[in-house]
Amino acid sequence: MNSVHWRTHLAEVDWPTLEHAYGDASDVPGWIEALAGAETVEESLHELWAAVLHQGTLYDSTAPAMTSIAAVLGARQTVDAESTAWLLLMFDDVVRAYEQVEVDDVETATLVRSARDSLIGIAALVRPLIVDDGAEAAAAALLQAAARTADSAAVEMLAARASARPAGQVEQACVAALTTLGVDVSAALADGDPGLVMAATLARIAAGGTETTDLDALVAGWELAVEVAPRIAFGVGNLPEWLSEVNPEASAVVLAALPTPDEATIAGLVDVVIGSRSNAPAAVRRLLALAALPEATPEAMIAALRQCPPTPEVCDLLVALAERVTTGGTSAIGSSTFDTDARADSALALLRAGDGRWARPMAQALLTNPAARGLMVATSASGRSALGYALVREHAPSATMLIVGIRQALRQKPPADPSRDGAGHLIDLLGSWPEATADALPEVRELLAVAPKQSANALATWNDTASTDRVREASVSGDATVLLALARLTKDPEDFHRVLDADLEHKESAVLAHWADRTDPRFLDWCRSLVGTEAATSDYQRDDQLASLRILAAFDAGEAATGWPVLRSIIDAGRGPIEEAIGLALEWRAQQLLPPQAHTDFEALLADLVVIDRKSFNGPFVKASAAAAVTLLDLGLPLPGTPARIVKVVAGAVTDQWARDVGLRLAERLAAAPATVRRAVAKKLRSLVDRDERFDSSGDIAVEDERTVARLRPILHDLEID
């Protein structure tokens, strides 16, 4: 295919009628043509990746764009053939990711089918490259397998190249493609070339194979496999990670059998744990065995074990490993570095497991680490936050040794980089412990100049009136948080009024929570200004609207009827603090603060939320539908919609990390539902419990999944009783 042909192909698409992530696709042809320019190819590849494959998303322009890109690549007209081929392999990866998720809307299903069908044409367009050398030729071979059809022309070309000698990257990719397509490759392997044999082995395992001979061959040839895997599969960053993703069963066996596992292997075992319920036990056993070795690196093994279900054996080793840690370390995210301590990570994992031994390693980290004031702690496999902030979110209980450790940390010299100073978060943690008052007052008072907001807030929470003058001095800055702390200490109405004169952006919730005189006319007028006439744009502002509505109705029952349109709009939108909004409406309903027509309207709105999804560009707000369903049942009203719709609401909420709790509560309530609904819901939940994939989470995946399954089992028992 020459340049005229690929430009003709590009011109056949009506691009302005299609869309990508940033609007209509009329700019796509220019980006594709720019692949031929040395000065424009890099930017064009980036634009195409960002627009038509934005964050792994398919659009109606994606498949036509990828087909045109394949035409350019197949015609050998792109300046950067390797990166162009990589973009096509990414497209195949995205299509497969979509196919692994249950799609229930026609539009998305159509996009996926179109994308899948386009891979057949893409494979044909890039097929001529198989005779070339380089990464793009290997990619062209792999794209033949992506088409999922053993086209005779493709098989003939792949087989011819697979038999070429000396064998290299392209030959390995051809063998892998043929193996994936189910074609006999014995002729190409007749001379026993190690790389080709390993390529075939890896391809069989990637397709789900667990033959003992293949697994043994992978263990024995691990070093060779590390070299071959990136050549025969897209996106292989490291072999253990890839293996755990494509075949958890094989991964658990192979990684457990490696005699001297490195950090990548340990990470692969963790991937098995968090990715596969059935194969997790074998991976956990291997991790426990490795952690028990005298030569085990405590920091690495703590990071691994905290991702495991918190069994007694796991917790015991977390405690033992923490005892072996004597110093902290540093880690990096991008160009930023931060201070860490494995003892703190171990302690957080124990705290989440409900193991009371957590306080000791946490105190040891605080007492002995010179950087304790700025420690960051692991909150998930890939996330960290300031130590004090993480413990506040976990509602960590106090202990004398912890208070001592925090006080010592606060007395440390602050980090040279103020952004790494976690003193404010540690003060917030102390402020959540009333019993810390007497001991920690000296340090908190001294830090008024360094962390005025947190220090003043803690002193006000403890009602430390002896610090009033110091807080007043700090309030000269005009910061609303400090002014509010001063008012809480003095109880002076004028001090409270000064708060309203400050910049209150993002401080409104604190003012609403701590205002003393809730009959103050100026305060009430301010609350009315927060409520406004319609639902606010941001979720935090909607929280403030709800708090203001509650305050106003408590002062004057007539404010409820006035505020109902705003409350209704928050509920109707379905996003943000939906449970709190429904809860306030229920309170007003019970107190008879709303007119009868509003009661009828509220019930109709709840029914509508159950039946019709509220959506954003990220998808439906599943929490809204589930919360509305629970409320209808609480009111003794029937659920609207078909059994299939109720199943969708329950499953959507249970599988969503942010809506899971309300989804489980809804499932519990459905034990008394009609048999058709109960059986349909039970069938779906049973499939979720019996599947190998874990529930998604915002923290430790295996830990949260085990807890969810434990909650689901008795619910299923009740639902499945005839």
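The preceding data block contains the structure.
The model shown is predicted, which means the values in this text are computed figures rather than measured ones.

Side note on the overall build of the protein chain
What the protein chain contains, in helices and strands, is 39 helices and eight strands. The 722 residues of the protein chain split such that 49% are buried. Across the protein chain, the fraction of contacts at a sequence separation of at least 24, relative to all contacts at a separation of at least 6, is 63%. If you sum the accessible surface of the protein chain, you get close to 32,100 Å²; carbon and sulfur atoms cover 53% of it. Here the protein chain contributes 61 positively and 101 negatively charged side chains, and the mean placements of these two sets differ by 6 Å.

Topic: the packing of aromatic side chains
Pairs of aromatic rings are described using the distance from one ring centre to the other and the angle between the two planes. This structure, assessed with the given rule, holds five aromatic pairs. Here F496 and W515 contribute two aromatic rings whose centre-to-centre distance is 5.0 Å and whose plane-to-plane angle is 50 degrees, an arrangement assigned as tilted. With F496 in helix α28 (residues 493-500) and W515 in the loop between α29 (508-514) and α30 (521-531), this pair connects stretches of sequence that are 19 residues apart. Accessibility assignment for this pair places F496 and W515 in one class, buried. The interplanar angle of 90 degrees and the centroid separation of 6.2 Å between the aromatic rings of W564 and F602 together place this pair among those described as edge-to-face. Pair noted here: W564 is in helix α32 (residues 558-573) and F602 is in helix α34 (residues 596-611), with a separation of 38 residues, a long-range link. For the pair W564 and F602, a shared accessibility class is recorded, and that class is buried. Here the aromatic cluster, defined as three or more aromatic residues joined through ring pairs, consists of F496, W515, F523 and W526.

Focus on the packing of helix α16 (residues 280-291) against helix α17 (residues 298-305)
Viewed as axis vectors pointing N to C, α16 and α17 meet at an angle of 155 degrees, and their least axial separation amounts to 10 Å. On the basis of the axis angle, α16 is roughly antiparallel to α17. Once α16 is placed against α17, the crossing between them reads as left-handed. For the pair α16 and α17, the contacting residues are L287, L288, L290 and A291 in the first and M301, A304 and L305 in the second. Residues of the contact of α16 with α17, tallied by class, amount to seven nonpolar, no polar and no charged.

Considering α17
For α17, the full list of buried residues reads P298, M301, I302, A304 and L305. Buried positions in α17, seen along its axis, are confined to an arc of 165 degrees and lie on one side of it. Close packing links the buried residues of α17 with α15 (263-275), α16, α18 (312-323) and α19 (342-352).

As for the environment of E19
Here E19 is to be found in strand β1 (residues 19-20). Spatially, the C-alpha atom of E19 lies 8.3 Å from that of V52, the residues being 33 residues apart in sequence. Each residue touching E19, except ones within four places of it in the same chain, is listed here: D24, A25, Y59, D60 and S61.

Cut-offs used in this document
- Residues numbered from 1 in each chain as written.
- Predicted model: local features only at pLDDT ≥ 70, side-chain atom pairs only at ≥ 80, totals over all residues.
- Heavy atoms only, no water.
- Helix = DSSP H or I, 4+ residues; strand = E, 2+ residues; numbered from the N terminus.
- Buried < 20%, exposed > 50% of the residue type's maximum accessible area, 1.4 Å probe, protein only.
- Contact = heavy atoms within 4.5 Å.
- Areas by Shrake-Rupley, 256 points an atom, 1.4 Å probe, with all protein chains shown as cover.
- Lys, Arg positive; Asp, Glu negative; His and termini not counted.
- Charge placed at Lys NZ, Arg CZ, Asp CG, Glu CD.
- Phe/Tyr/Trp six-rings, centres within 6.5 Å; stacked < 30°, edge-to-face > 60°.
- Axes fitted to C-alpha atoms, helices over the stretch in contact; angles between N-to-C directions.
- Parallel < 35°, antiparallel > 145°, perpendicular 65-115°, else oblique.
- Left-handed = near helix turned anticlockwise from the far one by under 90°.
- Nonpolar A, V, L, I, M, F, W, Y, C, P; charged D, E, K, R; others polar.
- Arc of directions from axis to C-beta.

In short, geometric facts, not functional conclusions.
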